[in-house]
Amino acid sequence: MRAALVVAQREFKAFLRSPLGYALLAVYALAAGLILIALLYVFRDQLLRAAQQGAQAVGGPVTPSVQVAVVTPYLIDVATLLLFVLPFVTMRAFAEERRSRSLELLISYPLRVWQIVLGKFLGVAAFAGLLLAVSVLHLAVVMHATTPDLLPLATGFAGLLLFALALSSVGLFVSSLAMGQVEAAVLTLGLFLVLAMGSATARPDGSWLRNAFVNLSPLYQYLTFGQGLLSAGAVLFFVAVTVLFLALTIRGVGLIKWRG
Amino acid sequence: MGTENASSPSSGRPLLEVSSLTKDYGPVRAVDGLTFEVRKGEIVGLLGPNGAGKSTAMRVLVGYQVPSGGEVRLAGRDVFREGAEAKAALGYLPENPPLYGEMRVREYLSMAGRLKGLSGSALESALARVERILGLAGVRGRPISQLSRGYRQRVGLAQCLIHDPALLILDEPATGLDPNQIADLRALLMSWRSEKAILLSTHILAEALMLCDRVLVLSRGRLVAEGSPQTLGGEGGGSSEIVVVVRGRGEDPLAGLAGSASLQARREDARPAAGQADGGAIWRLEGSLDREERARLLAHLAGSGWDLLEWSAGLSALERSFRRLTLEEGSQREEGE
């Protein structure tokens, strides 16, 4: 475990010392910030409309919920944003190490492959955590002005972290197979988008194939978290995806040793 | 030269044991039935032209690539079945060491040390040791990306040595270094010889001659010769082809020189240029001489009053042998296929 933490530390610091890391942070912060601003405008309009309607209604105005109008859509939109950002976080993990041949040196060290894979995963997860910290700051602004329920908010962020970890493990797996980081990013993005489509095709009366496609969509699995609800099935899904793809990444690094 | 530098290899178990190693890339066999050992106290050179399979063989030896057949043991442990334990005895320097340019030297070496199991005071003393040996103390705070080629190579060697491994595998360690840096590197390798087993790949034959106790010649993935540089040089020992041009008034520059049968003397020009003092005739001497014979010739020419105008050395016996082994072997295999 100690060796994995050393690898993780190096991986995380590499993001903080590269223009790519700052570019990803900036793009994420800007995009997530714009999403929040747009949602706040919509929320303000809802408040104004409610105030106008409420003045005429018996019993006073019905105030829209900040959880429903801002927090839930923000978390779901941020999850969608992560689908586009995380491929660029995970692309370098193995593909770049392989291109620069530093993986050759790392594998010559007295380490086991799982320690390298776990270290890379923790490093990427730490950077994903940094991205989510930006979102925590965003919602802190909302909390300053309003009083959303903290429990659903915390559940939403916990789900977002699980969502990011699962996608990171998928990205690491693709990076372990790809010959270069651009190839890794494009393939990961393509895979994420295909998986994300599952949530868009959800129908209550779908066939088993459609249901399977929908249930395999990380975005669909996240929806309940976004609503502030804890779903054991969704937790299990994200944990299973993470473990499965980390195991596949270990196999992927093994394949590098076969292919060279 | 090899025999002059030779220390006694340990009689214990070899630190590197390679048996019947093969590596295929699809239909192409990059390494073909490689078998050899390296023991403590010896420097073994892996020689071969570009594309001979040296780097592929080294990648398999350090566990980066899985062999298609055969076995590799580091300090008695199988590098694929007991990878982490086997590699604890290994220090590896790939060609053009792939370092993390964004890290500072001390930070990088500290990471390498921790990945190799060092911590606390053991790590601190290991860092101080490699920085002292490789002269890195002055650059320990600098980012690796800002270092010169020579310093990057030193950092590569430092990461290789940080855990004081018994076996060093160095892939083209002198590539890209200037003559001073190459001399420093050679001195370092010589100083480590008695306490470590060293396998180095090179295509610089002079390096093999100076450093190695044994050389393994690879051609198209196959081991085509193994032995001391002198043995591989054949009967000529360490002889080199030389061309010497001298000027003097004597009848024959080789007159009175014992053992001059391997030299031919040809008079080139007897007349001085117009307006130039007559300095005597110009003679061209050609032949193949070993080090002792070259020293005798030089002393003879100086003692006999001949002016030395030109002295050039051609291929050494090892170089000739290398060309013969790698070119002939290659063409024979092509014919066979």
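These numbers were taken from a predicted model, which means no experiment stands behind them.

1. Examining the overall build of chain B
Then step 1. Assigned secondary structure in chain B consists of 11 helices and 14 strands.
Then step 2. Split into buried and exposed, the 337 residues of chain B put 51% on the buried side.
Then step 3. In chain B, once contacts between residues fewer than 6 apart in sequence are set aside, the share between residues at least 24 apart is 71%.
Then step 4. Accessible surface, chain B as shown: approximately 14,600 Å² in total, 47% of it carbon and sulfur.

2. Describing the side chain of B:Thr22
Then step 1. Here B:Thr22 shows up in strand β1 (residues 16-25).
Then step 2. On the basis of relative accessibility, which here comes to 11%, the residue B:Thr22 falls in the buried class.

3. Digging into the confidence of the model for chain B
Then step 1. Of all residues in chain B, 85% attain a pLDDT of 70 or more, and the chain-wide mean is 83.
Then step 2. Complex prediction metrics read pTM 0.80 and ipTM 0.85.

4. A short note on the pairing of β1(B)
Residues and elements named next belong to chain B.
Then step 1. Looking at chain direction, β1 and strand β4 (residues 69-74) are connected through five bridges and run antiparallel. Each bridged residue has a counterpart across the sheet, and for Glu17 the counterpart in β4 is Arg73.
Then step 2. Pairing of β1 with strand β2 (residues 28-38) involves seven bridges; the strand directions are antiparallel. Bridge pairing in β2 places Val18 opposite Phe36.
Then step 3. Following β1, the chain reverses through two residues before pairing antiparallel with β2; Gly26 in that reversal takes a positive phi of roughly 60 degrees.

5. So, the layout of surface pockets
Then step 1. Its boundaries defined by the atoms lining it, the largest pocket holds a volume of some 470 Å³.
Then step 2. Residue lining of the largest pocket: 22 residues in total, with A:Val113, A:Ile250, A:Gly254, A:Lys257 and B:Phe80 positioned closest to the centre.
Then step 3. Secondary structure elements with two or more residues in the lining of the largest pocket: α5 (102-107), α6 (113-145) and α11 (232-259) of chain A together with α3 (83-87) of chain B.
Then step 4. The biggest single contributor to the lining of the largest pocket is α11(A), with six residues.
Then step 5. When grouped by side-chain class, the residues that make up the lining of the largest pocket number 14 nonpolar, three polar and five charged.

6. A short note on the sheet that holds strand β8 (residues 197-202) of chain B
Residue and element names in this part refer to chain B.
Then step 1. Here we have six strands laid out as an open sheet, ordered β6-β7-β8-β3-β9-β10, and mixed in their pairing. Either end of the sheet is taken by a strand with one partner, and the two such strands are β6 (90-93) and β10 (222-227). The sheet shows a mean angle of 15 degrees between the axes of neighbouring strands, taken without regard to direction.
Then step 2. Across five bridges, strand β9 (residues 214-219) lies against β10 in antiparallel orientation. Looking across to β10, one finds that Leu216 is bridged to Glu226.
Then step 3. Across the sheet, helix α2 (residues 54-61) touches β3 (43-47), β6, β7 (167-171), β8 and β9, and the angle it forms with β8 is around 150 degrees.
Then step 4. Its contacts with the sheet put helix α6 (residues 149-161) on β6 and β7, and the angle it makes with β6 is roughly 165 degrees.

7. Brief notes about the interface of chain A and chain B
Then step 1. Across the contact, 29 residues belong to chain A and 33 residues belong to chain B.
Then step 2. When the two sides are added together, the surface that chain A and chain B hide from each other amounts to roughly 2,900 Å², 56% of it contributed by carbon and sulfur.
Then step 3. Here chain A and chain B share five salt bridges between them.
Then step 4. Notably, a salt bridge pairs A:Arg10 with B:Glu102, separated by 2.4 Å at the nearest N-O pair.
Then step 5. Counting every contact that joins chain A to chain B gives 12 residue pairs in polar contact (both at pLDDT 80 or more).
Then step 6. Breaking the side of chain A that touches chain B down by element, the ones donating at least two residues are α1 (2-16), α4 (92-100), α5 and α11 of chain A.
Then step 7. For the side of chain A that touches chain B, the element with the highest residue contribution is α1(A), accounting for eight residues.

8. Brief notes about the packing of aromatic side chains
We describe a pair of aromatic rings using the distance from one ring centre to the other and the angle between the two ring planes.
Residue and element names in this part refer to chain A.
Then step 1. Here the structure, examined in full by the defined rule, presents nine aromatic pairs over all chains.
Then step 2. Ring centres 5.8 Å apart and planes at 50 degrees place the aromatic pair Phe163 and Tyr222 in the tilted group. Residue Phe163 is found in helix α7 (residues 150-177), and its partner Tyr222 is found in helix α10 (residues 218-226); the two are separated by 59 residues along the sequence. Of the two residues, Phe163 and Tyr222, both sit in the buried class.
Then step 3. Taken together, the aromatic side chains of Phe163, Tyr222, Phe225, Phe237 and Phe238 make up a single cluster linked through ring pairs.

9. Some remarks on the sheet that holds strand β5 (residues 77-78) of chain B
Residue and element names in this part refer to chain B.
Then step 1. An order of β2-β1-β4-β5 is seen for the four strands of this open sheet, with the pairing classed as antiparallel. Each edge of the sheet is formed by a strand with only one pairing partner; in this case those strands are β2 and β5.
Then step 2. Of the strands in this sheet, β1, β2 and β4 are in contact with α2, which crosses β1 at around 120 degrees.

10. Some points on the packing of α6(B) against helix α7 (residues 179-192) of chain B
All names here are of chain B.
Then step 1. Orientation of α6 relative to α7, taken along the N-to-C sense of each, is 15 degrees, at an axis distance of 11 Å. Compared by their axis directions, α6 and α7 come out roughly parallel. As α6 runs across α7, the sense of the crossing is right-handed. Contact with α6, carried on its side by Gly150, Arg154, Leu157 and Leu161, involves Gln181, Asp184, Leu185 and Trp192 of α7 and no other residues of that element.
Then step 2. Considered class by class, the residues forming the contact of α6 with α7 number four nonpolar, two polar and two charged.

11. A look at a nonpolar patch on the surface
Then step 1. Nonpolar side chains collect at one region of the surface, where A:Leu30, A:Leu34, A:Ile37 and A:Tyr41 lie side by side and expose about 430 Å² of accessible area between them.
Then step 2. Mapping A:Tyr41 onto the fold places it in helix α2 (residues 19-56).

12. Considerations on the pairing of β7(B)
Residues and elements named next belong to chain B.
Then step 1. Of all the five residues making up β7, five are buried; the element is thus mostly covered by neighbouring parts of the structure.
Then step 2. Both faces of β7 are covered, namely the face carrying Leu167, Ile169 and Asp171 and the face carrying Leu168 and Leu170.
Then step 3. In terms of strand pairing, β7 meets β8 through five bridges, oriented parallel. In the strand pairing of β8, Leu167 is matched with Ala197.
Then step 4. Assessed by its sense of winding, the connection that carries the chain from β7 through α7 to β8 is right-handed.

13. Considering the nonpolar core
Then step 1. Membership of the largest hydrophobic core comes to 149 residues, with the highest contact counts inside it found for A:Tyr28, B:Leu16, B:Tyr108, B:Ile169 and B:Leu199.
Then step 2. Tallying contributions element by element places helix α3 (residues 66-90) of chain A first for this core, with 15 residues.
Then step 3. Aside from chain neighbours lying at most four places away, what touches B:Ile169 is B:Leu16, B:Met58, B:Leu61, B:Val62, B:Leu90, B:Gly91, B:Tyr92, B:Leu93 and B:Leu199.
Then step 4. B:Val244, B:Val246, B:Leu263 and B:Leu285 belong to the second largest nonpolar core, which has 13 residues in total.

Rules used in this analysis
- Residue positions within a chain follow its written sequence, with the count starting from 1.
- Just so you know, chain letters begin at A and ligand numbers begin at 1, following the order they were written in.
- Per-residue local features of the predicted model are confined to residues with pLDDT of at least 70, and side-chain atom pairs are confined, for both listing and counting, to 80 or more; whole-chain, interface and lining totals are unaffected and use all residues.
- Each side-chain value is worked out from all heavy atoms of the structure, with water and hydrogens disregarded.
- Segments assigned H or I by DSSP are reported as helices when at least four residues long, segments assigned E as strands when at least two residues long, and all are numbered from the N terminus.
- Burial classes follow relative accessibility: with a 1.4 Å probe on protein chains only, a residue under 20% of its type's maximum area counts as buried, one over 50% as exposed, and anything between as partly exposed.
- Should any heavy atoms of two residues lie within 4.5 Å, those residues are counted as being in contact.
- Each accessible area is a Shrake-Rupley result for a 1.4 Å probe, and residues are judged covered by the shown protein chains and nothing else.
- Scored between 0 and 100, pLDDT is the confidence that the predictor attaches to each residue.
- Any two strands are treated as partners once DSSP identifies two or more bridges connecting them.
- A pocket, in this scheme, is an open set of points on a 1 Å grid over the protein atoms alone with protein on both sides within 12 Å along at least 5 of 7 lines, while a cavity is a set where a 1.4 Å probe fits but cannot get out; residues line either one if an atom lies within 4 Å of a point.
- Grid points are joined across faces, edges and corners, and a volume is the space filled by probe spheres set on the points.
- Three categories are distinguished: nonpolar for Ala, Val, Leu, Ile, Met, Phe, Trp, Tyr, Cys and Pro, charged for Asp, Glu, Lys and Arg, and polar for the others, with Gly belonging to the last.
- Interaxial angles span 0 to 180 degrees and are taken between N-to-C directions of axes, which are lines fitted to C-alpha atoms, for helices over the stretch in contact.
- Here's the idea: put two parts together, see how much 1.4 Å probe accessible area each one loses, and the total over both is what we call buried area.
- In what follows, salt bridge is the name for a side-chain nitrogen of Lys or Arg lying within 4 Å of a carboxyl oxygen of Asp or Glu.
- Residues adjacent in sequence count toward polar contacts only when both atoms are side-chain atoms; beyond that, a polar contact is any pair of N or O atoms within 3.5 Å, and within protein one must be able to donate a hydrogen and the other to accept it.
- A pair of aromatic rings is counted whenever rings of Phe, Tyr or Trp (Trp by its six-membered ring) have centres within 6.5 Å, and the orientation is called stacked for planes under 30 degrees apart, edge-to-face for over 60 and tilted otherwise.
- An angle below 35 degrees is read as roughly parallel, one above 145 as roughly antiparallel, one from 65 to 115 as roughly perpendicular, and any other as oblique.
- Less than a right angle of anticlockwise turn of the near helix away from the far helix marks a crossing as left-handed, whereas a clockwise turn marks it as right-handed.
- Put simply, a patch holds well-exposed residues, over 30% relative accessible area, that have no salt bridge, with like charges counted together within 9 Å and Val, Leu, Ile, Met, Phe, Trp or Tyr side chains within 5 Å.
- Note on handedness: a crossover is taken as right-handed if, strands pointing away from the viewer, the path from the first strand over the helix to the second is clockwise.
- Take the buried Ala, Val, Leu, Ile, Met, Phe, Trp, Tyr and Cys residues and link them wherever side-chain atoms come within 4.5 Å; each set so joined is a nonpolar core.

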